[in-house]
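Below are the chains, spelled out letter by letter.
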Amino acid sequence: MLENASTLAAYRIVVTSGARTFEVPVLLPGQRTGVVLDRPAVGPVVWIAPEALGGYTPVTAEVVPGGVRYRSANCRALTSRGAAVLFRAPDGRITGGEQLPAASVSCAPGERVLPAAVPAGSEVFPSCDLRTE
(Lines give C-alpha, C1' and ligand atoms only; values in the text may rest on other atoms or scores of the structure.)
Protein backbone atom coordinates (compact mmCIF):
# COMPACT_ATOMS: atom_id res chain seq x y z
CA MET A 1 0.00 0.00 0.00
CA LEU A 2 1.35 3.44 -0.96
CA GLU A 3 0.11 6.66 0.59
CA ASN A 4 0.91 10.24 -0.35
CA ALA A 5 1.37 12.10 2.94
CA SER A 6 2.63 15.31 1.28
CA THR A 7 0.77 18.42 0.11
CA LEU A 8 1.99 17.86 -3.48
CA ALA A 9 0.74 15.39 -6.06
CA ALA A 10 3.06 12.47 -6.73
CA TYR A 11 3.33 11.92 -10.47
CA ARG A 12 4.95 8.90 -12.12
CA ILE A 13 5.89 6.92 -9.00
CA VAL A 14 8.24 4.12 -9.97
CA VAL A 15 7.83 1.06 -7.73
CA THR A 16 10.09 -1.99 -8.07
CA SER A 17 10.41 -5.45 -6.59
CA GLY A 18 13.33 -7.48 -7.90
CA ALA A 19 13.10 -7.41 -11.69
CA ARG A 20 9.46 -6.24 -11.69
CA THR A 21 8.61 -2.56 -12.12
CA PHE A 22 5.26 -0.79 -11.90
CA GLU A 23 4.52 2.89 -12.34
CA VAL A 24 1.73 4.57 -10.36
CA PRO A 25 0.58 7.39 -12.67
CA VAL A 26 -0.78 9.89 -10.09
CA LEU A 27 -1.29 9.95 -6.33
CA LEU A 28 -2.95 13.06 -4.90
CA PRO A 29 -2.18 14.39 -1.40
CA GLY A 30 -3.75 12.07 1.18
CA GLN A 31 -4.60 9.42 -1.41
CA ARG A 32 -3.49 5.80 -1.10
CA THR A 33 -3.24 3.04 -3.64
CA GLY A 34 -2.46 -0.65 -3.72
CA VAL A 35 0.52 -2.17 -5.48
CA VAL A 36 0.77 -5.91 -6.06
CA LEU A 37 4.49 -6.48 -5.54
CA ASP A 38 6.43 -8.34 -2.83
CA ARG A 39 8.55 -5.96 -0.76
CA PRO A 40 8.05 -2.95 -3.06
CA ALA A 41 10.67 -0.21 -3.15
CA VAL A 42 9.65 3.29 -4.20
CA GLY A 43 11.96 4.91 -6.74
CA PRO A 44 11.91 8.31 -8.41
CA VAL A 45 8.80 10.50 -8.08
CA VAL A 46 7.93 13.76 -9.81
CA TRP A 47 6.27 16.15 -7.32
CA ILE A 48 3.85 18.75 -8.69
CA ALA A 49 1.22 21.13 -7.36
CA PRO A 50 -2.22 19.46 -7.46
CA GLU A 51 -3.59 22.48 -9.38
CA ALA A 52 -1.26 21.58 -12.27
CA LEU A 53 -3.43 18.50 -12.89
CA GLY A 54 -6.38 20.61 -14.06
CA GLY A 55 -9.65 19.04 -12.96
CA TYR A 56 -8.21 15.55 -12.46
CA THR A 57 -9.90 13.39 -9.84
CA PRO A 58 -8.95 9.80 -9.01
CA VAL A 59 -11.00 7.01 -10.56
CA THR A 60 -12.61 4.88 -7.83
CA ALA A 61 -13.71 1.27 -7.83
CA GLU A 62 -15.78 -1.06 -5.70
CA VAL A 63 -16.48 -4.76 -5.87
CA VAL A 64 -20.07 -5.58 -6.81
CA PRO A 65 -21.70 -8.94 -7.55
CA GLY A 66 -20.13 -10.27 -10.75
CA GLY A 67 -17.60 -7.52 -11.24
CA VAL A 68 -16.17 -4.14 -10.37
CA ARG A 69 -17.92 -0.75 -10.57
CA TYR A 70 -15.61 2.05 -11.76
CA ARG A 71 -16.47 5.74 -11.30
CA SER A 72 -14.74 8.68 -12.91
CA ALA A 73 -15.66 12.36 -12.59
CA ASN A 74 -13.04 13.33 -15.18
CA CYS A 75 -14.24 15.02 -18.35
CA ARG A 76 -12.20 12.76 -20.63
CA ALA A 77 -11.20 9.14 -20.71
CA LEU A 78 -7.89 8.39 -19.07
CA THR A 79 -5.58 5.55 -20.11
CA SER A 80 -6.01 2.35 -18.13
CA ARG A 81 -2.83 0.80 -16.74
CA GLY A 82 -4.78 -1.94 -14.95
CA ALA A 83 -5.72 -2.18 -11.29
CA ALA A 84 -4.31 -3.65 -8.12
CA VAL A 85 -6.71 -5.89 -6.21
CA LEU A 86 -5.85 -6.44 -2.56
CA PHE A 87 -7.44 -9.32 -0.67
CA ARG A 88 -8.16 -8.75 3.02
CA ALA A 89 -8.86 -11.10 5.92
CA PRO A 90 -11.88 -10.35 8.15
CA ASP A 91 -9.53 -8.58 10.60
CA GLY A 92 -8.34 -6.21 7.83
CA ARG A 93 -4.91 -7.77 7.17
CA ILE A 94 -3.82 -7.88 3.53
CA THR A 95 -3.60 -11.56 2.60
CA GLY A 96 -2.67 -11.32 -1.08
CA GLY A 97 -3.47 -9.60 -4.30
CA GLU A 98 -3.56 -9.71 -8.05
CA GLN A 99 -3.12 -7.27 -10.91
CA LEU A 100 -6.03 -6.78 -13.31
CA PRO A 101 -4.92 -6.13 -16.90
CA ALA A 102 -5.53 -2.72 -18.49
CA ALA A 103 -8.32 -4.04 -20.74
CA SER A 104 -10.31 -5.12 -17.65
CA VAL A 105 -10.35 -1.65 -16.04
CA SER A 106 -12.47 1.36 -17.00
CA CYS A 107 -10.98 4.85 -16.79
CA ALA A 108 -13.78 6.39 -18.86
CA PRO A 109 -15.97 9.24 -17.58
CA GLY A 110 -19.07 8.21 -15.67
CA GLU A 111 -19.86 4.85 -14.11
CA ARG A 112 -19.25 1.41 -15.58
CA VAL A 113 -19.45 -2.13 -14.23
CA LEU A 114 -17.01 -4.55 -15.82
CA PRO A 115 -17.08 -8.30 -15.20
CA ALA A 116 -14.33 -9.65 -12.94
CA ALA A 117 -13.87 -12.56 -10.55
CA VAL A 118 -12.93 -10.48 -7.52
CA PRO A 119 -13.77 -11.79 -4.04
CA ALA A 120 -16.13 -9.71 -1.90
CA GLY A 121 -14.25 -7.63 0.64
CA SER A 122 -11.35 -6.96 -1.73
CA GLU A 123 -10.13 -3.47 -2.49
CA VAL A 124 -9.62 -2.41 -6.10
CA PHE A 125 -7.22 0.42 -6.97
CA PRO A 126 -7.51 1.52 -10.62
CA SER A 127 -4.36 2.87 -12.21
CA CYS A 128 -5.51 5.54 -14.65
CA ASP A 129 -2.93 7.60 -16.49
CA LEU A 130 -3.24 11.18 -17.76
CA ARG A 131 -1.11 10.46 -20.80
CA THR A 132 -2.45 8.47 -23.74
CA GLU A 133 0.49 6.42 -24.96
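Just so we're clear, the structure is a prediction, and the values are computed from it rather than from any experiment. (Residues numbered from 1 in each chain as written. Predicted model: local features only at pLDDT ≥ 70, side-chain atom pairs only at ≥ 80, totals over all residues. Heavy atoms only, no water.)

### Considerations on the overall build of the protein chain
Then, number 1: A count of helices and strands for the protein chain gives 0 helices and 12 strands.
Then, number 2: Walking the protein chain from its N terminus toward its C terminus, one meets helices and strands in the order β-β-β-β-β-β-β-β-β-β-β-β.
Then, number 3: Here the C-alpha radius of gyration of the protein chain, 14 Å, is about what a compact globule of 133 residues would show, namely 14 Å.
Then, number 4: With respect to the principal axes defined by its C-alpha atoms, the protein chain has extents near 35 × 35 × 25 Å.
Then, number 5: Across the 133 residues that make up the protein chain, the buried fraction comes to 40%.
Then, number 6: Within the protein chain, contacts between residues separated by at least 24 positions form 64% of all contacts whose residues are at least 6 apart in sequence. (Helix = DSSP H or I, 4+ residues; strand = E, 2+ residues; numbered from the N terminus. Rg over C-alpha atoms; globule rule 2.2 N^0.38 Å. Buried < 20%, exposed > 50% of the residue type's maximum accessible area, 1.4 Å probe, protein only. Contact = heavy atoms within 4.5 Å.)

### Points about the side chain of N4
Then, number 1: Along the polypeptide, N4 turns up in the loop between β1 (2-3) and β2 (9-17).
Then, number 2: Residue classification places N4 among the buried residues on the basis of a relative accessible area of 2%.
Then, number 3: Among the polar contacts made by the side chain of N4, one reaches the main-chain carbonyl oxygen of L27 at a distance of 2.8 Å.
Then, number 4: Only 3.4 Å separates the side chain of N4 from the backbone oxygen of L28, close enough to count as a polar contact.
Then, number 5: If near-sequence neighbours (up to four positions away) are discounted, N4 is found in contact with A9, A10, L27, L28, P29, G30, Q31 and W47. (Polar contact = N/O pair within 3.5 Å; in protein donor to acceptor, adjacent residues only side chain to side chain.)

### Details of the state of the cysteines
Then, number 1: By the definition in use, this model includes 1 disulfide.
Then, number 2: Bridging C107 to C128, the disulfide has an S-S length of 2.0 Å. Residues C107 and C128 are joined through a disulfide that is left-handed, its torsion about the S-S bond being -75 degrees. Of the two residues, C107 is situated in the loop between β10 (94-100) and β11 (110-115) and C128 in strand β12 (residues 123-129); the sequence distance between them amounts to 21 residues. (Disulfide = S-S within 2.5 Å.)

### Overview of the pairing of β10
Then, number 1: The pairing of strand β9 (residues 79-88) with β10 spans 6 bridges and is antiparallel. In the sheet register, V85 faces β10, and the bridge partner there is E98.
Then, number 2: Hairpin connection, β9 to β10: the antiparallel pair is bridged by 5 residues, and G92 has positive phi, about 95 degrees. (Pairing = 2+ DSSP bridges.)

### Quick word on the sheet that holds β9
Then, number 1: Taken together, 3 strands build an open sheet; the order of strands is β10-β9-β12 and the sheet is antiparallel. In the strand order of this sheet, the two ends are held by β10 and β12, each with one partner. Across the sheet, the mean angle from the axis of one strand to that of its neighbour is 20 degrees, orientation sign disregarded. (Axes fitted to C-alpha atoms, helices over the stretch in contact; angles between N-to-C directions.)

### As for the pattern of salt bridges
When charged atoms on two side chains of opposite charge get close, those side chains can pair.
Then, number 1: Per the stated rule, a full pass over the model turns up 12 salt bridges.
Then, number 2: Its salt-bridge partner being R81, residue D129 comes within 3.0 Å of it at the nearest N-O pair. Pair noted here: D129 is in strand β12 and R81 is in strand β9, with a separation of 48 residues, a long-range link.
Then, number 3: Residue D129 is classed as buried on the basis of its relative accessible area of 1%.
Then, number 4: We classify R81 as partly exposed; its relative accessible area is 26%.
Then, number 5: The closest approach of N and O atoms between R93 and D91, which form a salt bridge, is 3.0 Å. (Salt bridge = Lys/Arg side-chain N within 4 Å of Asp/Glu carboxyl O.)

### Quick look at the nonpolar core
Then, number 1: Core analysis: the biggest nonpolar cluster contains 18 residues, and L53, Y56, L78 and V124 have the highest contact counts within it.
Then, number 2: Counting residues per element, the ones that place at least two in this core are β8 (67-72), β9 and β12.
Then, number 3: For L78, the contacting residues outside a window of four places in its chain are Y56, V59, C107, C128, D129 and L130.
Then, number 4: In terms of nonpolar packing, the next biggest core, distinct from the first, is built from 9 residues, V15, F22, V24 and V35 among them. (Core = buried A, V, L, I, M, F, W, Y, C linked by side-chain atoms within 4.5 Å.)

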